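Structural characterization, general
If you want the building blocks of each chain, they are given just below.
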Amino acid sequence: MAEGRVVGIDLGTTNSLVAFMQGETPVVIPGVDGSNLVPSVVALDPMPADGSRPTVTVGNSARRALIETPERVVYSVKRLMGRGLGEVQRELKFFPFRLAGDVQEGEVPRIQLGELQFTPPEISAYVLRQLKRNAERYFGAPVTQAVITVPAYFNDAQRQATKDAGRMAGLQVLRLVNEPTAAALAYGLDRAKEGTIAVYDLGGGTFDVSILKLRDGIFEVQSTNGDTHLGGDDIDNLLLTIALDEIHAEHGVDLRQHPGAVQGLRKAAIDAKIRLSAEQSAQFDIELPNGDRYQREIPRGVFEQLIEPVLERTAAPCKQAMTDAGITPEQIDEVVLVGGSTRIPAVRQLVDELFHLAARGKKPHTDLNPDEVVALGAAVQAEILAGTAKNTEDLLLLDVTPLSLGIEALGGVVARIIPRNSTIPASATEHFTTGVDGQTNVAIHVVQGERELAADCRSLARFDLKGIPPMTAGLPRIEVKFLIDADGILQVSAREQRSGKQAQIEVKPTYGLTDEQVESMILESFDNAEADFAARLLIEARNEAESIQSKVELARQHPAWALLTSDEQKMVDAAERHLAKVKAGSDLNALRQGIMVLDQATRRLAELMMDAAVTEAIRGKTMQAAGEDLDEELTAPHPMAPAEFK
Amino acid sequence: MLKVIESAVPVACWSCSVAHNESTLFCPHCSKIQPPSGGDFFSVFGLKPCLNLDLMGLEHEFHRLSRRLHPDRFARASESERQWSLADTALLNDAYRTLRDPIHRTEYLLKLHGAEIGEEHSGKDRKDPSRVPADLLEEVFELNMQLEEMRAARKMGEDDPALLASLEQAKAKFDGLLDEVDESLRAQWRKWDEGDAGARAAAQKEMVALLDRRRYLNNLVRDVTETLGA
Ligand SMILES: [Zn+2]
């Protein structure tokens, strides 16, 4: 097989990016719209009239659909990766998506999107496919191999789900890299530093902290800790809850039943959060249908008080990581900040206190864009694996497993076999025997976690050792080898030692898809042969052109169109005519150029439509809500549960 | 998800067919990576079993071997080489994790020499009076009484400064005893490393007893810390 480039992918909760090594520097590959960030949002276009399968769109265009057709859009799906039914149900309280009605306990939950259903790995696969296409467009060549980053604190099932998503997207995942470690790689590349560094990574939906020792180009992780349920989303939910409650109390309108309005308000909450990082206060200012305005001033002090409990939850993992690494804050030479939420001044203040920075005349490192640094590091790791560049040939990443691996022993107690923070790959060999004469099966339950009882840990898999030769109880000696690979995923092998027979293992993963299921979910794609590839790029570009053309046609009907100056309108007209012309030809570059020009010409229009959507969604909803109020109790299919705050 | 791994062990180098010493991870003839050998953790680092280790040297060797063995170096190699790199690196990491820690290292060496140690063989029921080291019997009895009292007081929401002080004093004492055990262990290391077969056998016996005592003290300190912290 031709070995092309290996790209580095940050598959984020909120945004995803793809990067590669350009010479000695990692760079992010922009999408067609020129943006480095692809929002991790997936939308299903309306059902075509001929009943064929609707198109799936990803990124900014999908985000626009959030307000108009929220029941056909899904985001933050990373929070659902590798999780069981119960966990997903709890998670969905905070999101407007619905589970498919017929999901059974024990199977991978499916999300209902319009008429169709998708598992979380499938949704992630669409995001990955978009990144793959962006890279292929950039290189003009197929991309089939990638390094994908995951939160350091992801467990086995979450890692496997991410790998499955890669496979569905047509990517061979050469390695899963932990996000904080990737960030450290991006920072360490050009400084040949020695010393101990801490990476504090507060992303959209997950928190990680890792402590690494750098020496002779070896990045050796000492310890890692985190929370896969903590991130910027939680802060958004707090602000959103305030707005929803206040609108309800002051204006008698309960917006919770109406996903479109909630999404509009969520956008306003995110905007306010972002403004509060630079300014001393931010405002909600939303027009309500009765002529009232919902106006709310949020001073930074109030905001900081509000989010304190969220931020405080990052402190314990940081302290535990230092304890596990056997170091004090004073022994940390540098701190690297990763993730958009680390732009919040209160977060920086907390980091300063946790690692005693200002007191030692130090500052955290923020010189690389916190949204991009993980993808850049993934590109470095991709280059290390490709083994083709001089400046990465001496670099080596030694990562650890975040959670202890154990097996359930008598009485439901966990026997720990590989402790957390062990350098991976790591292995352990255990011996099992039978309890009854003639017994030919032994059941083993593998768990991950730090608790004493198996029931309190995360169930990884149950498996049966079969085909044990019948012997007196206690006589068989079955050797089972547990191995955590470099991706942090478990592999198991077993052997009966007295008979020398390889014991058969039937593995039932507690969470996750079978090989056959993954195979059946692989996204259709063209063959990767060179000739086909050029044709495929042209077809994709034409599809893209059509999609943007139809969106512009719709936008002309929107009130926002009238808000454009006549010059702006003329520019859109011209860009549209030009695109129609190049679309008829087969010059790929001209076609791409045409798409970009039209996209740029309509950018202000899109912004105006987004702004209008918030007010509109609320207005539309209020009339509807008024009708419902008369008739019946409000029963929402997926209400927003109030976030807790004191 | 789990995957089943197969293991296969060729006798000679898979690449150049020259037979080689089993405890090497690379063929001495063609330098290609080999499947894990049957050797112990010490042999991974080219060491004979010993207890006094140069930790800086060990780390240096760990890094050197990691650079050659790590799966990152074999991302585009053959399927077998990738499997062996994975297994070899796991062995290297397991060996380094065990040998760099003085207690794990001692336990591992003793197990290599047939000693039975660890939670499953002793200290399982640490309340069992027969397991209490004889010289500590009285103090442990009193400590357990105080711990009970403390837990009861905590439950009632009461504070007993005198009891607290007494427990902290006990903890300091047991911490001190732990240091003494470690000191004695290090003395036995020297005897084992430098001694003949007879001296080694004696040192092994001593160390097994010291490790038992150490585990016992550790559990006590943990109990006190937990109760004080609750
Ligand atoms: Zn050879």
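As the structure is a prediction and not an experimental result, all values here were calculated from the model.

**Remarks on the overall build of chain A**
- Per the secondary structure count, chain A includes 16 helices and 27 strands.
- Per-residue burial for chain A yields a buried fraction of 57% across its 646 residues.
- Of all intrachain contacts in chain A linking residues separated by at least 6 positions in sequence, the fraction that spans at least 24 positions is 68%.
- Summed over its atoms, the accessible surface of chain A is roughly 26600 Å², and 50% of this surface lies on carbon and sulfur atoms.

**As for the domain arrangement of chain B**
Residue and element names in this part refer to chain B.
- Here chain B is partitioned into domain 1 (11-100) and domain 2 (122-229).
- Distance from the C-alpha centre of domain 1 to the C-alpha centre of domain 2: 38 Å.
- The interface of domain 1 with domain 2 comprises four residues on the first partner and five residues on the second.
- Approximately 440 Å² of surface area, both sides summed, lies buried where domain 1 meets domain 2, with 60% of it carried by carbon and sulfur atoms.
- Contact with domain 2 buries area across many residues of domain 1, yet P49, L51 and N52 alone supply 92% of it, more than any other trio.
- One can count zero salt bridges joining domain 1 with domain 2.
- Our count for the contact surface shared by domain 1 and domain 2 stands at two residue pairs in polar contact (both at pLDDT 80 or more).
- A class-by-class count of the residues in the side of domain 1 that touches domain 2 yields three nonpolar, one polar and no charged.

**Here we look at the packing of aromatic side chains**
- Taken as a whole and judged by the stated rule, the model has 13 aromatic pairs over all chains.
- Their ring planes at 40° and their centres at 6.0 Å tell us that F42(B) and Y108(B) sit as a pair that is tilted. Of this pair, F42(B) sits in helix α1 (residues 41-44) while Y108(B) sits in helix α4 (residues 102-112), placing them 66 residues apart in sequence.
- By relative accessible area, which is 0% here, F42(B) ends up buried.
- Both rings, one in F62(B) and one in Y96(B), keep their centres 3.9 Å apart while their planes meet at 10°; by these two values the pair is stacked. Placement of the pair is F62(B) in helix α2 (residues 55-69) and Y96(B) in helix α3 (residues 79-100), with a sequence separation of 34 residues. A single burial state applies to F62(B) and to Y96(B), both of which are buried.
- Put simply, the rings of F20(A), Y138(A) and F139(A) pair up and form one aromatic cluster.
- It is R105(B) that lies over the ring of W189(B); its NZ or CZ is 4.9 Å from the centre.

**As for the sheet that holds strand β10 (residues 116-118) of chain A**
Residues and elements named next belong to chain A.
- Sheet architecture is open: three strands sit in the order β8-β9-β10, paired in antiparallel fashion. Edge positions in the open sheet fall to β8 (98-99) and β10, since each of these has one partner strand only.
- Relative to strand β9 (residues 111-113), β8 runs antiparallel, the two sharing two bridges. Residue pairing across strands places L99 opposite I111, the latter belonging to β9.
- Each of β9 and β10 touches helix α3 (residues 120-139); the most contacted strand, β10, lies at about 90° to it.

**Things to note about the pattern of salt bridges**
- According to the stated counting rule, one finds 43 salt bridges over all chains in the structure shown.
- The residue E553(A) makes a salt bridge to R556(A) at a minimum N-O spacing of 3.6 Å. With E553(A) and R556(A) both in helix α13 (residues 530-556) and three residues apart, the pair spans about one turn of that helix.
- Salt-bridge contacts for D212(B) lead to R215(B); the nearest nitrogen and oxygen are separated by 3.1 Å. Taken together, the residues D212(B) and R215(B), both in helix α7 (residues 197-229) and three residues apart, mark about one turn of the helix.
- By relative accessible area, which is 25% here, D212(B) ends up partly exposed.
- Salt bridges linked by common partners bring K163(A), R175(A), D487(A) and D72(B) together as one network.

How each quantity is defined
- Residues numbered from 1 in each chain as written.
- Chains lettered and ligands numbered in written order.
- Predicted model: local features only at pLDDT ≥ 70, side-chain atom pairs only at ≥ 80, totals over all residues.
- Heavy atoms only, no water.
- Helix = DSSP H or I, 4+ residues; strand = E, 2+ residues; numbered from the N terminus.
- Buried < 20%, exposed > 50% of the residue type's maximum accessible area, 1.4 Å probe, protein only.
- Contact = heavy atoms within 4.5 Å.
- Areas by Shrake-Rupley, 256 points an atom, 1.4 Å probe, with all protein chains shown as cover.
- Domains from an automatic or database assignment.
- Buried area = accessible area lost by both parts, 1.4 Å probe.
- Salt bridge = Lys/Arg side-chain N within 4 Å of Asp/Glu carboxyl O.
- Polar contact = N/O pair within 3.5 Å; in protein donor to acceptor, adjacent residues only side chain to side chain.
- Nonpolar A, V, L, I, M, F, W, Y, C, P; charged D, E, K, R; others polar.
- Phe/Tyr/Trp six-rings, centres within 6.5 Å; stacked < 30°, edge-to-face > 60°.
- Lys NZ or Arg CZ within 6 Å of the ring centre and 35° of its normal.
- Pairing = 2+ DSSP bridges.
- Axes fitted to C-alpha atoms, helices over the stretch in contact; angles between N-to-C directions.

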